[in-house]
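Coordinate analysis (summary)
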Number of protein chains: 4
Amino acid sequence: MNVHPALVTGFVPYGGRRSNPAAEIAAALDGTTIAGVPVVGRPLPVSLAEIGDRIAGLLEDLQPRVVVSVGLSPGEAVIRIERVGLNLADFGTADNAGQVALDEPLLGNGAAARWATLPIRKIETALLEAGIPARISNSAGTFLCNACLYTFLSLADEAREPIACGFIHVPYMPEQVAEMLGVVKRHGRQASGSDVASMALATSTQAVAIAVETALRETR
Amino acid sequence: MNVHPALVTGFVPYGGRRSNPAAEIAAALDGTTIAGVPVVGRPLPVSLAEIGDRIAGLLEDLQPRVVVSVGLSPGEAVIRIERVGLNLADFGTADNAGQVALDEPLLGNGAAARWATLPIRKIETALLEAGIPARISNSAGTFLCNACLYTFLSLADEAREPIACGFIHVPYMPEQVAEMLGVVKRHGRQASGSDVASMALATSTQAVAIAVETALRETR
Amino acid sequence: MNVHPALVTGFVPYGGRRSNPAAEIAAALDGTTIAGVPVVGRPLPVSLAEIGDRIAGLLEDLQPRVVVSVGLSPGEAVIRIERVGLNLADFGTADNAGQVALDEPLLGNGAAARWATLPIRKIETALLEAGIPARISNSAGTFLCNACLYTFLSLADEAREPIACGFIHVPYMPEQVAEMLGVVKRHGRQASGSDVASMALATSTQAVAIAVETALRETR
Amino acid sequence: MNVHPALVTGFVPYGGRRSNPAAEIAAALDGTTIAGVPVVGRPLPVSLAEIGDRIAGLLEDLQPRVVVSVGLSPGEAVIRIERVGLNLADFGTADNAGQVALDEPLLGNGAAARWATLPIRKIETALLEAGIPARISNSAGTFLCNACLYTFLSLADEAREPIACGFIHVPYMPEQVAEMLGVVKRHGRQASGSDVASMALATSTQAVAIAVETALRETR
C-alpha cells in the first residue's frame, strides 16, 4: 500500500541564531498522525544552492499529499499563512552557505509568481477558531522562505498526483527573544517593541498541525 | 502569628474587552504559596474613582510584604517591569465608570513621581534567565495602571512596615488577538503588526510568580 | 509629431479622508516637462469597477512612454517602489463605490503576478542619492493600488510600443497626521508610533519626478 | 536694559551619526526674534559629565525667560513634547565621552521627577493647528535628553526669576534615513518600518519656533 504522507519542512537555524522554531516544529510533528495520515517532518538547509535538490528529493522520496513548509519571521507577532511565492531571490545577508542574491529569478523561465495551493482561508479560519492569532500574508519575502514556497509549487506542478503546498511563517520562540534582550541589555542597545514579539512553541506547533489537518480534510 | 502575604492585583476587563490577562493572573496565583509565603490574588476595578479606596482597603486588610500589580498593555510584546509611577491621570477613553481625565494629578500635594520599590533589575534578570522576554519600562502610561502603581507607592510609604510595591504590564493573551483578528477579518480593517503581539497566559503568570519570588527573596 | 508623454496617476481621497497626497502629486506634475518629455498627471478613482476602463482610456488617449502610478500607504514612513502586482483583489473595507472583494482575481485568465517594468533599482538609487528615504517593496497590497499596477502592466503588455509601468507608494502628508492626532486627542484614543509617519508633499512629489526622470532616461 | 532671551539648545551628533537635527535647529533659530524676543541657539554636548556645567553656565550667562531643549528621537515619526524629566541616567550605549550609566540618579538628593514648565498642551494644540504632527510624551527616555530636561528644571528651580523649561524630541531628517537605507542596502540588512520615520528639517524647526512662541506668549 502506498500511503501519501503529509510533509512538514522546517528551516534550520541561520543568521547567527542558535535555534529556529521551524526546525523544532518539523521535528515535533515527525512521526505523528494527523487525520489518519502519517506526518513526515524534515529540516531544510538555509542555502539557496542546496534547497532545490533537497525539495526535489523529498517530493520524489515521499510523494506527499500535502506539504506545509515552515519558516521563522523575525519580529512577526502572529502565524502568517503565505498566499503566494515569487520567482525571486533578493537578499544581501548571506545564507548559511555564504551566498547572497540580488534581484535574481529562482527559475529562469518560471512564472513571476505561483499561488499557494493550501486552503489558506480555511486554515486562517481554523486557527482563529482555535484561539491562535493568524493572518494571510501577501508576501513571503525574498529570502529562503519564499524560495522554498516557489520551488515546492513549481515542482509539485509537474507531479503526477496533485500536491497541496504552502508556507507558514511563525514568530520567534519566547526563549529566543529573552536571549536577545539579555544580549541587548549587556551591550546597551535598545530593542524596539516590534522586533521582540514571540509565540510559545507549543502554539506554533499546534498551528502547523491545524494547517496540515485542514489541508488533509480539503484534499481528501 | 501574623503572616504578611504577597499581594498580586490584576485589573478586570475594560475598553469593551471580554477578558483581561491581569485578572486571570491574579486569580491563578491566589491561594498559592511562593517562597514559603502565601499569595493573595485580587481583582482591581478599572475606575479612577474607586481604585484609591480599594487599594487602601487591601493594604489595611492584608498588610502585605510585597505587592505586584498587573495590567494589560495592548500591543506590547514582552513583560514590562515598570520603574516609576507619575502623579498623573490623563485618559480620553473613559474608564469602566465612565470617567475621563485630562492632565490631572492623582494626589493634590503628591510628589511628581515615585520609584517602584520592587527589585526591578533582579526581576528582569530572573525573567530573562527563565527564558521569558522582559524589559524595564520608564513609563507606565497615564491610565489606571499608572494610577494603581502611584497609589500603592504613596500609601505604602505611610505604612508601619516596609512594603515592596511595583507594577508589571503583560501582553494580550493569544485568544484575545485571535478574536480581534477575526473581527477585523469580518469587518475588513487591517491590523498592523505591532498591535497583535501576545504571550501565553501560562508564561505571563509564571513571570508574575517569578517577580513575586524575587521580591520576597530580596525583602526577607 | 506624436510625442509619447510620461503619465503620472494619483488616487483621489478614500476611506473617509479629505485628501490624498497621490492625487496632489499627479496634479502638481501635470503640465511639467521632465527630461524634455511632457508629463500628464491624472487622478484615478478608488473604485475597482471603474479603474479598468479608466486605465484603458488613459493608455489609448495618451499613449504614454512611461507610467508612474502613485498611491497612499497609510503609516508608511518612506517612498516604496513596488516590484510586483498580483492578480488579486482582497479588501473588506469598501472602495469609494461601496464595493468589497474577497480573494478575487482581477483578470480571469491573467498571470498570477506581473513585474513592474520601471527600472526600480535605479529609481531606488536615485532617490537615496537625492536624500529621499526609499525602498523596494515586494507587496503592493491587495486593494486598489495593486489593482492599478496589475492592470496597467496587463494592458501595457498588449500595446504596440513598450510602456514602462510601475507604482510608488507615498506616506501621509504631515497635515493629515496632524488632523488625525487632533481627532485622536479629542476622542481619547492613543495613536501608535508606526501609524503616524509622514513625508512632506514637496519631497514625495520630488520622489515621483525623480522616478519619472529615471524611467525616461532608461527607456530613451 | 536686561533682555531675557529665549534659549534653544540642540544636541550635537552622537552614536556614530554625522548630523543631528537638534543642533541644526538650534543653529537655525540662533539670532532670530520670536514674539519680539531674541532667540539664542546653542549646541549641547552629548556627555553626561559635561552637561551639568554647560547648562548652569547657559542659565547664568543668558538668564533666559524660556528654554526649549531639542533632541533626536531615532525612529520617532512626530514631534514629541516631553511632560516630565526623571532623576535617572540609564544607558548602555556610551555617550560621546565614552561614559555609560546603569540606573544612576542625576542628582543625589533630587526629586524622582520634575514636570516640564513649558505650556505643553498649548504647544501641542498650536502645532496640530499648524499642521505639524505632534503629541505629548510621558517619557523622555533615560539618556542625555532626559538628563538635559531634568537638569534644566532643577537649576531653573533655583533661579531668581521664573524660567519656563521643556524638551522637544524631533524625528530623523529625511537625509539621515536615506543614508541609513543606502548603508542597509549595501550591507543587506532589512530596516523595519518603524525605524525609518523622518520629518523635514524645516518642519521640525518650525515646530520648535512655535513652541518658543507659545511659551513666550504664556509667560509674558
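Keep in mind the model is a prediction, meaning the values are calculated, not measured. (Residues numbered from 1 in each chain as written. Chains lettered and ligands numbered in written order. Predicted model: local features only at pLDDT ≥ 70, side-chain atom pairs only at ≥ 80, totals over all residues. Heavy atoms only, no water.)

**With respect to the overall build of chain A**
Assigned secondary structure in chain A consists of 6 helices and 11 strands. Here the C-alpha atoms of chain A give a radius of gyration of 17 Å, agreeing with the 17 Å that 2.2 N^0.38 yields for 220 residues. Its C-alpha atoms give chain A principal-axis dimensions of about 60 × 40 × 25 Å. Counting the 220 residues in chain A, one finds 56% classified as buried. Summed over all atoms, the accessible surface of chain A reaches about 8,700 Å², with 50% contributed by carbon and sulfur. The centroid of the 17 positive side-chain charges in chain A is displaced by 6 Å from the centroid of its 22 negative side-chain charges. (Helix = DSSP H or I, 4+ residues; strand = E, 2+ residues; numbered from the N terminus. Rg over C-alpha atoms; globule rule 2.2 N^0.38 Å. Buried < 20%, exposed > 50% of the residue type's maximum accessible area, 1.4 Å probe, protein only. Areas by Shrake-Rupley, 256 points an atom, 1.4 Å probe, with all protein chains shown as cover. Lys, Arg positive; Asp, Glu negative; His and termini not counted. Charge placed at Lys NZ, Arg CZ, Asp CG, Glu CD.)

**Here's the deal with the interface of chain A and chain B**
In many analyses, interface size is given as the accessible surface area lost on bringing the parts together. Across the contact, 25 residues belong to chain A and 25 residues belong to chain B. Approximately 1,700 Å² of surface area, both sides summed, lies buried where chain A meets chain B, with 65% of it carried by carbon and sulfur atoms. Summed over the shared surface of chain A and chain B, the result is 0 salt bridges. Our count for the chain A to chain B interface comes out at 0 residue pairs in polar contact (both at pLDDT 80 or more). Taken together, the elements giving at least two residues each to the side of chain A that touches chain B come down to helix H3 (120-129), strand E10 (134-137) and helix H5 (174-187) of chain A. Top contributing element to the side of chain A that touches chain B by residue count: H5 of chain A, with 7 residues. Residue composition of the side of chain A that touches chain B, grouped by class: 13 nonpolar, 7 polar and 5 charged. (Contact = heavy atoms within 4.5 Å. Buried area = accessible area lost by both parts, 1.4 Å probe. Salt bridge = Lys/Arg side-chain N within 4 Å of Asp/Glu carboxyl O. Polar contact = N/O pair within 3.5 Å; in protein donor to acceptor, adjacent residues only side chain to side chain. Nonpolar A, V, L, I, M, F, W, Y, C, P; charged D, E, K, R; others polar.)

**Let's talk about the confidence of the model for chain A**
Averaged over every residue, the pLDDT of chain A is 94; the share at 70 or more is 95%. With pTM at 0.95, the complex prediction returns an ipTM value of 0.94. (pLDDT = per-residue confidence, 0-100.)

**Some remarks on the packing of helix H1 (residues 21-29) of chain D against helix H6 (residues 201-218) of chain D**
In a pair of packed helices, the angle between the axes and the distance between the axes together describe the arrangement. Residue and element names in this part refer to chain D. It is the contact of H1 with H6, at a shortest axis distance of 10 Å, that shows an interaxial angle of 60 degrees. Considered as vectors, H1 and H6 are oriented oblique to each other. Between H1 and H6 lies a crossing of right-handed hand. Only Leu201, Ser204, Thr205, Val208 and Ala209 of H6 make contact with H1, whose side of the interface consists of Pro21, Glu24, Ile25, Ala28 and Leu29. (Axes fitted to C-alpha atoms, helices over the stretch in contact; angles between N-to-C directions. Parallel < 35°, antiparallel > 145°, perpendicular 65-115°, else oblique. Left-handed = near helix turned anticlockwise from the far one by under 90°.)

**Remarks on the pairing of strand E1 (residues 6-11) of chain B**
Residues and elements named next belong to chain B. Within E1, 6 of the 6 residues are buried, leaving the element largely enclosed by the surrounding structure. The alternating pattern of E1 places Ala6, Val8 and Gly10 on one face and Leu7, Thr9 and Phe11 on the opposite face, and all of these are buried. The pairing of E1 with strand E4 (residues 66-72) spans 5 bridges and is classified as parallel. Bridge pairing in E4 places Gly10 opposite Val70. Sheet topology note: the E1/strand E3 (residues 37-44) ladder contains 6 bridges and is parallel. What sits directly across from Leu7, in E3, is Val40. (Pairing = 2+ DSSP bridges.)

**Digging into the sheet that holds strand E1 (residues 6-11) of chain D**
Residue and element names in this part refer to chain D. Pairing is mixed in the open sheet, where 7 strands are placed in the order E2-E3-E1-E4-E11-E5-E10. Lying at the two open borders of the sheet, with one neighbouring strand each, are strand E2 (33-34) and strand E10 (134-137). In this sheet, strand E11 (residues 164-170) lies alongside strand E5 (residues 79-82) in antiparallel orientation, the contact comprising 2 bridges. When the bridges of E11 are listed, Arg80 appears paired with His169. Contacts between helix H3 (residues 120-129) and the sheet are confined to E5 and E10, with E10 contributing the most and set at about 160 degrees to the helix.

**Here's the deal with the pattern of salt bridges**
Per the counting criterion, the structure on display carries 52 salt bridges over all chains. A salt bridge links Arg18 of chain A to Glu179 of chain A; the shortest N-O distance between them is 3.0 Å. Of this pair, Arg18 of chain A sits in the loop between strand E1 (6-11) and helix H1 (21-29) while Glu179 of chain A sits in helix H5, and the two are 161 residues apart along the sequence. Judged by its relative accessible area of 68%, Arg18 of chain A is exposed. Looking at Glu179 of chain A, the relative accessible area reads 39%, which means it is partly exposed. Its salt-bridge partner being Glu76 of chain D, residue Arg135 of chain D comes within 3.3 Å of it at the nearest N-O pair. Of this pair, Arg135 of chain D sits in strand E10 while Glu76 of chain D is found in the loop between strand E4 (66-72) and E5, placing the two residues 59 residues apart along the sequence.

**Observations regarding the packing of aromatic side chains**
In this structure the tally under the stated criterion is 12 aromatic pairs over all chains. When the centroid spacing of 5.7 Å and the interplanar angle of 50 degrees are considered together, the rings of Tyr14 of chain A and Phe143 of chain A count as tilted. Placement of the pair is Tyr14 of chain A in the loop between E1 and H1 and Phe143 of chain A in the loop between E10 and helix H4 (144-156), with a sequence separation of 129 residues. Owing to a relative accessible area of 15%, Tyr14 of chain A belongs among the buried residues under this scheme. Here a set of aromatic residues connected by ring pairs shows up, and it is made of Tyr14, Phe91 and Phe143 of chain A. One cation-aromatic arrangement involves Arg17 of chain C over Tyr14 of chain C; the distance from NZ or CZ to the ring centre is 4.9 Å. (Phe/Tyr/Trp six-rings, centres within 6.5 Å; stacked < 30°, edge-to-face > 60°. Lys NZ or Arg CZ within 6 Å of the ring centre and 35° of its normal.)

**Looking at the relation of the copies chain A and chain B**
The transformation that overlays chain A on chain B combines an axial shift of 0.0 Å with a rotation of 180 degrees, and the residual RMSD is 0.0 Å. Interpreted geometrically, this transformation is the action of a two-fold axis. In this assembly the copies share their binding face: 100% of the residues contributing to the interface of chain A also contribute to that of chain B. (Least-squares fit on C-alpha atoms with pLDDT ≥ 70 in both.)

**Regarding the environment of Val66 of chain C**
Residues and elements named next belong to chain C. Topologically, Val66 is positioned in strand E4 (residues 66-72). On the basis of relative accessible area, Val66 is assigned to the buried category, the value being 0%. Setting aside chain neighbours within four positions, we find Val66 in contact with Pro5, Ala6, Leu7, Leu118, Ile163, Ala164, Ala215, Leu216 and Thr219.

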